[in-house]
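Descriptive analysis of the structure
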Amino acid sequence: MRWTKTFIPTMKETPEGAEIPSHVLMLRAGLINQVMAGAYTYLPLGLRSLRKAERIVREEMDAAGAIELLMPAITPLSLWEQTGRVKAFGDVLIQFTVRRQNRKIQMALGPTHEEVITDLVSRHISSYRQMPITLYQIQTKFRNEERPRFGVLRTSEFLMKDAYSFNTSVKSLDESYEKMYAAYCRIFGRCGLEYLPVEAESGPIGGDASHEFMVPAENGEDTVAHCQACGYAANLERAEVGCRDCVPPNVPPAKLAKVATPNAGTIAQVCALLKCRPEEMIKTLIYSADEKPIAVLLRGDREANEGKIRRAIGVEKLALAESDVIQRVTGAPVGFAGPVGLKEAIPVWADRDLLIVRNAVTGANERDAHLTGVNLGRDFDVPEDRFRDLRNAAEGDPCPRCSAALSLRHAIEAGHVFKLGTKYSEALAARFLDDQEQLHPIIMGCYGIGINRIIAGLIETSHDDAGIIWPVALAPYEVYLAPLKVTDEPTMIAADRLHDELQQAGVEVLLDDRDVRAGVKFKDADLIGIPLRIVLGPRGLAEGKLELKWRWDAEPEMLDLDVAAEQIAEMIREERAEATRFKERCRD
RNA sequence: CGGGGCGUGGCGCAGUCUGGCUAGCGCGCCUGCUUUGGGAGCAGGAAGUCGGAGGUUCAAAUCCUCUCGCCCCGACCA
C-alpha cells in the first residue's frame with residue numbers, strides 16, 4: 001500500500017480531552033476518530049489492527065473446537081424479560097420501540113448474548129448426544145455505559161468475541177472451560193500482551209469458576225492482588241486476605257470514655273479532631289441485607305468488600321442502609337454509628353482485623369460524639385463465627401495461599417471466562433434428555449474477549465514518547481518503507497520494486513511515497529509504530545544498500561539491496577511466529 | 001447522579017476578569033521560489049455561525065439566564 005493512496009491522518013498535537021497513552025496515540029497516529037463520547041470510527045490503520053486481533057481470536061477459537069456463528073445485534077426485548085435482565089441491566093441496556101404496520105415492537109441492542117444463544121440452543125439441542133458444543137461469534141455489542149471513558153477502553157459500542165459452551169455435566173463444563181482458558185492464554189500471548197489470569201467473582205458453581213484475563217497497566221480500571229511468591233492472582237473484588245497472627249497487642253485496656261466530636265462524621269475528620277490514626281478506629285457500617293439491617297465492623301483504614309459480606313451472611317441484596325434506617329438503628333445521624341449501645345438488636349459482623357484492635361475509637365450512637373478506649377469482649381461482643389474476611393485486600397496483606405506479601409496493581413480486563421451453570425438454560429427452558437431418558441437443564445459456560453481492549457491494552461503497555469510500538473502480530477502493516485527522495489527516479493524504482501517483492505512474499509508493507517522531508521517521515525513512522533522500518537536514502541543507495549531498523553531498536557543496520565526482500569520477508573515470518581525481538585525489547 | 005474543567009478556521013491555543021475599530025497566533029492546507037536524513041525558509045493565499053438560544057447595551061467571543069456537547073474525579077466506605 002502507498003501512503004498517498006490510503007487515509008492516515010496523523011496529528012502533531014494531542015487533541016484536547018485525550019489523556020491516557022492509548023487514547024492519545026490512537027488519535028494522533030490516525031487509528032481512530034471520535035464521533036461522540038464512547039463511539040469511535042476506526043480509520044484504515046486502526047481497522048487493520050483491529051482485524052488482526054480479531055483474526056488471532058478466531059484462529060484460536062477454531063483451533064479450540066469452538067464453532068462460529070453470527071447473531072443479530074437487535075433482539076426482542078421479551079427475551080431479556082424472560083431472564084429478568086431488563087431490570088438487571090437497567091439503563092445499560094439500550095432499548096427502543098419501532099413501529100411496524102400498526103404494531104409496536106420493543107427491541108434491545110444486545111449487550112451480550114446469553115439469551116439469544118440459549119434460546120437458539122433450546123430449539124435445536126435436546127439430546128446429550130449433541131453436546132458438548134461451544135459456539136461463538138465476533139460481533140458489535142452495545143452498552144449504554146454510565147460514563148464512557150479512556151478512549152477506546154470503555155465505549156458504548158465495542159467489538160466482542162463471545163463464546164458459550166453447552167455441556168451435560170459439571171465435569172464436561174470443566175473440560176470446555178479449560179480449553180477456553182488455554183485458548184485465551186495463546187491469544188494474549190500471540191498478541192504480544194503481558195497478561196495475568198486472575199480469579200474473579202465466581203458464579204453459582206463456586207470454586208474457581210471464573211477468571212479474568214488482565215493486562216497490567218497503570219490506567220486500568222480494575223485492581224488485582226498478586227502474589228509474586230506463589231503466583232496467586234485475583235481481582236480485588238474477590239481477593240482473599242490471608243490469616244495473620246490474631247494475637248492482640250499487649251497493651252493495657254483503657255477506660256471507656258465519651259468525647260465530643262461536633263460535626264466530625266468521617267474517619268478523616270475524627271482522626272484530625274482526636275489526633276488518632278484510622279487504624280485505631282472501628283468503622284461501623286449499617287447495611288440493609290435483604291431489607292434487614294445489620295452492622296459490619298471494620299478497622300478504620302479498611303475498605304468493605306460487599307461481595308464478601310454478601311457471601312458471608314448469605315444474602316442476595318446488600319446495600320448501605322438509608323439514613324432513616326441508620327437513625328433508627330443507631331439513634332444518631334449518619335457518621336456516629338458504633339458497636340457499643342446500638343438502639344436495635346441487629347446482627348453484628350466483623351472483619352478479622354478487629355481481633356487485634358485495642359482501645360479503639362468508635363461512634364457513640366449519639367450525634368456529635370465518639371467513644372474512646374473501646375475494647376472487644378469488654379464493651380461489645382461479636383460471636384466467633386461472625387468474624388470473617390470482609391474487606392478488600394490491601395498492599396502488603398498476606399497471600400491466602402503462601403502468606404507472602406500481596407501487591408496491588410491496576411489492570412485492564414481484556415477477557416473473562418465464566419462457568420454459568422443453569423441460570424439461562426432454566427429461564428429459557430434449554431433442556432436435554434440424558435441416556436437414562438431424564439430431562440436436565442443444559443450446563444453452560446460463557447467466555448468473552450474485548451477485541452478493542454486488546455488493541456488499547458497493547459498500546460497502553462507498549463509505547464514510548466515518540467509513539468506506538470506494535471508487535472508484528474497486531475501492527476497495521478508489518479514493514480514501513482520510506483524512500484527519502486521521491487523525486488529521484490532511481491530511488492523510486494528501487495522502492496517500488498522492493499514494495500512489490502515484499503508484497504508478493506506476503507509481507508504487509510506501507511510505502512511512504514509522500515513528497516515530504518525525511519524528518520516528517522521518521523516522526524510519523526515512530527508515531528504509527530510499524531515494527532520494521534526500511535529507509536532508502538542517498539547514503540545507502542550509492543553502495544547498493546538500504547537501512548533497516550526495528551521500532552524498538554535505537555540504531556539501524558545496513559542490508560544489501562539485492563537480497564533485501566528475501567531477508568526482510570524471513571525476519572517478518574520469524575516475528576509473526578514467535579515475536580522474539582518484540583518480547584526482548586524491554587531489556588533495552 | 002454529584003463535583004470540577006473546557007467549548008474561538010481541520011488541530012493546538014491567546015483574547016473573556018476590566019464590553020469598543022476589520023477576532024489574533026502556531027501547526028496544517030493551497031500557489032510560487034529556495035531547501036532536502038529527525039516535524040525546513042521566504043513570499044503570497046483560502047478557510048471562523050467565537051457550541052446554541054434568549055437577554056442587557058449605542059456596542060457582546062467578553063456581562064446575565066437557559067441549554068447542548070466534550071473531558072476528568074467521585075458515586076453512598078458513616
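Note that the structure is a prediction, hence the values are computed from the model and not measured. Per chain, the residues get numbers from 1 upward, laid out in the order the sequence is written. Labels are handed out in written order, letters beginning with A for the chains and numbers beginning with 1 for the ligands. The model is predicted, so local features are restricted to residues of pLDDT at least 70 and side-chain atom pairs to those at 80 or more, both for listing and for counting; the totals for chains, interfaces and linings are taken over all residues. The side-chain numbers reported here are obtained from all heavy atoms of the structure, hydrogens and water having been left aside.

Looking at the layout of surface pockets
Gaps left between atoms show up when a probe the size of a water molecule is rolled over them. Considering only enclosed or pocket space, the largest pocket measures out at about 1500 Å³ in volume. In this analysis, the protein atoms alone were mapped onto a 1 Å grid. Cavities are point sets where a 1.4 Å probe fits without being able to get out; pockets are open sets with protein on both sides within 12 Å along at least five of seven lines; lining residues have an atom within 4 Å of a point. Phe 89, Arg 143, Met 160, Glu 413 and His 416 are the residues nearest the centre of the largest pocket, which is lined by 49 residues in total. Each helix is a run of H or I in the DSSP string that is no shorter than four residues. Each strand is a run of E no shorter than two, and both are numbered from the N terminus. Taken together, the elements giving at least two residues each to the lining of the largest pocket come down to helix 4 (85-89), strand 8 (157-167), strand 21 (406-421), helix 10 (423-427), strand 24 (443-450) and helix 11 (451-461). Per-element accounting of the lining of the largest pocket gives the leading share, eight residues, to strand 21. Grid points are joined across faces, edges and corners, and a volume is the space filled by probe spheres set on the points.

A look at the state of the cysteines
A covalent bond bridging the sulfur atoms of two cysteines is what the word disulfide describes. Working definition: a disulfide is two cysteine sulfur atoms within 2.5 Å of each other. Taken as a whole and judged by the stated rule, the model has zero disulfides. With no disulfide of its own, Cys 185 lies 12 Å from the sulfur of Cys 191, the closest cysteine sulfur.

Let's talk about the nonpolar core
Residues grouped as a nonpolar core are buried Ala, Val, Leu, Ile, Met, Phe, Trp, Tyr and Cys residues, joined through side-chain atoms within 4.5 Å. Classification of residues uses two cut-offs on accessible area relative to the type maximum, computed with a 1.4 Å probe and protein chains only: under 20% is buried, over 50% is exposed, and between them is partly exposed. In this structure, Leu 31, Met 61, Ile 454, Trp 470, Val 479, Ile 534 and Ile 568 are the most contacted members of the largest nonpolar core, which totals 92 residues. Shared between two domains, this core holds at least three residues of each, these being domain 1 (15-240 + 408-459) and domain 3 (467-587). Counting 26 residues, the second largest nonpolar core, distinct from the first, contains Leu 77, Ala 108, Leu 420 and Ala 430. Boundaries between domains were set according to an automatic or database domain assignment.

Observations concerning the sheet that holds strand 18 (residues 360-363)
For two strands to count as paired, DSSP must find a minimum of two bridges between them. Strand order in the open sheet made by the three strands is 13-19-18, with antiparallel pairing throughout. Strands at the two margins of the open sheet, each flanked by one partner only, are strand 13 (257-260) and strand 18. On average, each strand axis in the sheet is inclined to that of its neighbour by 30°, with strand direction left out of account. For helices, the axis comes from a line fit to the C-alpha atoms of the stretch in contact; other axes are also lines fit to C-alpha atoms, and the angle between any two N-to-C directions lies between 0 and 180 degrees.

Some details on empty space enclosed by the protein
Enumeration over the complete set of coordinates arrives at three cavities of 30 Å³ or more. As for the second largest cavity, its lining consists of Ala 494, Arg 497, Leu 498, Glu 501, Leu 561 and Ala 565. Going through the elements one at a time, helix 12 (489-504) and helix 15 (561-578) are the ones with two or more residues in the lining of the second largest cavity. Residue contributions to the lining of the second largest cavity peak at four residues, all from helix 12. All amino acids are sorted into three groups, where Ala, Val, Leu, Ile, Met, Phe, Trp, Tyr, Cys and Pro are nonpolar, Asp, Glu, Lys and Arg are charged, and the leftover types, Gly among them, are polar. Here the lining of the second largest cavity is composed, by residue class, of four nonpolar, no polar and two charged.

As for the pattern of salt bridges
A pairing counts as a salt bridge when a side-chain nitrogen of Lys or Arg comes within 4 Å of a carboxyl oxygen of Asp or Glu. Counted according to the given criterion, the structure contains 45 salt bridges. Residues Glu 175 and Lys 171 are paired through a salt bridge, measuring 3.3 Å at the closest nitrogen-oxygen approach. One end of the pair, Glu 175, and the other, Lys 171, are both in helix 6 (residues 170-190), four residues apart, so they sit about a helical turn from each other. Given a relative accessible area of 45%, Glu 175 falls into the partly exposed group. Overall, the relative accessible area of 61% leaves Lys 171 in the exposed class. Between Glu 344 and Arg 328 there is a salt bridge; the shortest N-O distance is 2.8 Å. In this pair, Glu 344 sits in the loop between helix 9 (323-330) and strand 17 (348-351) while Arg 328 sits in helix 9, placing the two residues 16 residues apart along the sequence.

Points about the environment of Gln 504
Its location among the elements puts Gln 504 in helix 12. Taking C-alpha positions, Gln 504 is 68 Å from Leu 285, a pair spaced 219 residues apart along the chain.

With respect to unusual backbone geometry
The omega angle of the peptide bond from Met 131 to Pro 132 is 5°, so this bond is cis rather than trans. Structurally, Pro 132 can be placed in the loop between helix 5 (114-124) and strand 7 (133-142). At Asp 290, a residue that is not glycine, the phi angle is positive and equals roughly 45°. In this structure, Asp 290 sits in the loop between strand 14 (282-289) and strand 15 (292-299). Of note in this structure, Ala 429 is not a glycine but carries a positive phi near 55°. Tracing the sequence through the fold places Ala 429 in the loop between helix 10 and strand 22 (431-433). Residue classification places Ala 429 among the partly exposed residues on the basis of a relative accessible area of 37%.

Here we look at the packing of aromatic side chains
In this analysis, rings of Phe, Tyr and Trp, with Trp reduced to its six-membered ring, are considered paired at centre separations within 6.5 Å, and the interplanar angle assigns stacked below 30 degrees, edge-to-face beyond 60, and tilted for intermediate values. For the coordinates displayed, the defined rule picks out 10 aromatic pairs. Here Trp 80 and Phe 89 contribute two aromatic rings whose centre-to-centre distance is 6.1 Å and whose plane-to-plane angle is 75°, an arrangement assigned as edge-to-face. When its relative accessible area of 0% is taken as the criterion, Trp 80 is described as buried. Centroid distance Phe 188 to Phe 213: 5.6 Å. Interplanar angle 25°. Geometry classified as stacked. Pair noted here: Phe 188 is in helix 6 and Phe 213 is in strand 10 (residues 210-216), with a separation of 25 residues, a long-range link. Here the two residues Phe 188 and Phe 213 agree in accessibility, since each one is buried. A ring is considered to have a charge above it if a Lys NZ or an Arg CZ atom is located within 6 Å of its centre and within 35 degrees of its normal. One cation-aromatic arrangement involves Lys 419 over Tyr 177; the distance from NZ or CZ to the ring centre is 4.7 Å.

Things to note about the domain arrangement of chain A
As assigned here, chain A comprises domain 1 (15-240 + 408-459), domain 2 (257-388) and domain 3 (467-587). Using C-alpha coordinates to define each centre, domain 1 is positioned 38 Å away from domain 2.

Some remarks on the protein's contact with RNA strand B
Whether a residue is near a molecule or strand depends on its heavy atoms: it is near if one of them lies within 4 Å of it. The environment of RNA strand B is made up of 42 residues, and the closest members are Glu 16, Lys 283, Val 334, Gly 335 and Asp 526. Counted as a polar contact is a pair of N or O atoms within 3.5 Å, where, for protein atoms, one must be capable of donating a hydrogen and the other of accepting one, and residues adjacent in sequence contribute only when both atoms are in side chains. Arg 147 places a polar side-chain atom, nitrogen or oxygen, 3.1 Å from a phosphate oxygen of RNA strand B. Mapped onto the surface near RNA strand B, the elements with two or more residues apiece are strand 1 (32-36), strand 14, helix 13 (518-528) and helix 14 (538-541). For the surface near RNA strand B, the leading source of residues is helix 13, giving seven residues.

Details of the side chain of Thr 155
Its place among the elements puts Thr 155 in the loop between strand 7 and strand 8. Polar contacts involving the side chain of Thr 155 include one to the main-chain carbonyl oxygen of Glu 157, which spans 2.9 Å. Contacts are residue-level and defined by heavy atoms, with any inter-residue pair within 4.5 Å sufficient. With sequence-adjacent residues up to four places away left out, Thr 155 is seen in contact with Gly 38, Tyr 40, Arg 143 and Glu 145.

Here's the deal with the environment of Leu 420
Following the sequence through the fold, Leu 420 ends up in strand 21. Sequence-wise, Leu 420 and Met 444 are 24 residues apart; in three dimensions their C-alpha atoms are separated by 5.2 Å.

Focus on the pairing of strand 27 (residues 479-483)
Extensive coverage of strand 27 is indicated by the burial of five of its five residues. Side chains of strand 27 alternate between two faces, with Val 479, Leu 481 and Pro 483 and Tyr 480 and Ala 482 buried alike. Examined bridge by bridge, strand 27 and strand 28 (residues 509-511) share three bridges and lie parallel to one another. Its bridge partner lying in strand 28, Val 479 is registered against Val 509.

Some details on the packing of helix 12 against helix 15
Interaxial distance between helix 12 and helix 15 falls to 9 Å at its minimum, and their mutual angle equals 30°. It follows that helix 12 is roughly parallel to helix 15 by the angle criterion. In this structure, the crossing between helix 12 and helix 15 has a hand that is right-handed. Of helix 15, the residues touching helix 12 (which contributes Ala 494, Leu 498, Glu 501 and Leu 502) are Leu 561, Ala 564, Ala 565, Ile 568 and Ala 569. Just so you know how the angles are binned, under 35 degrees is roughly parallel, over 145 roughly antiparallel, 65 to 115 roughly perpendicular, and the rest oblique. Here a crossing is called left-handed whenever its near helix is offset anticlockwise from the far helix by less than a right angle, and right-handed whenever the offset is clockwise.

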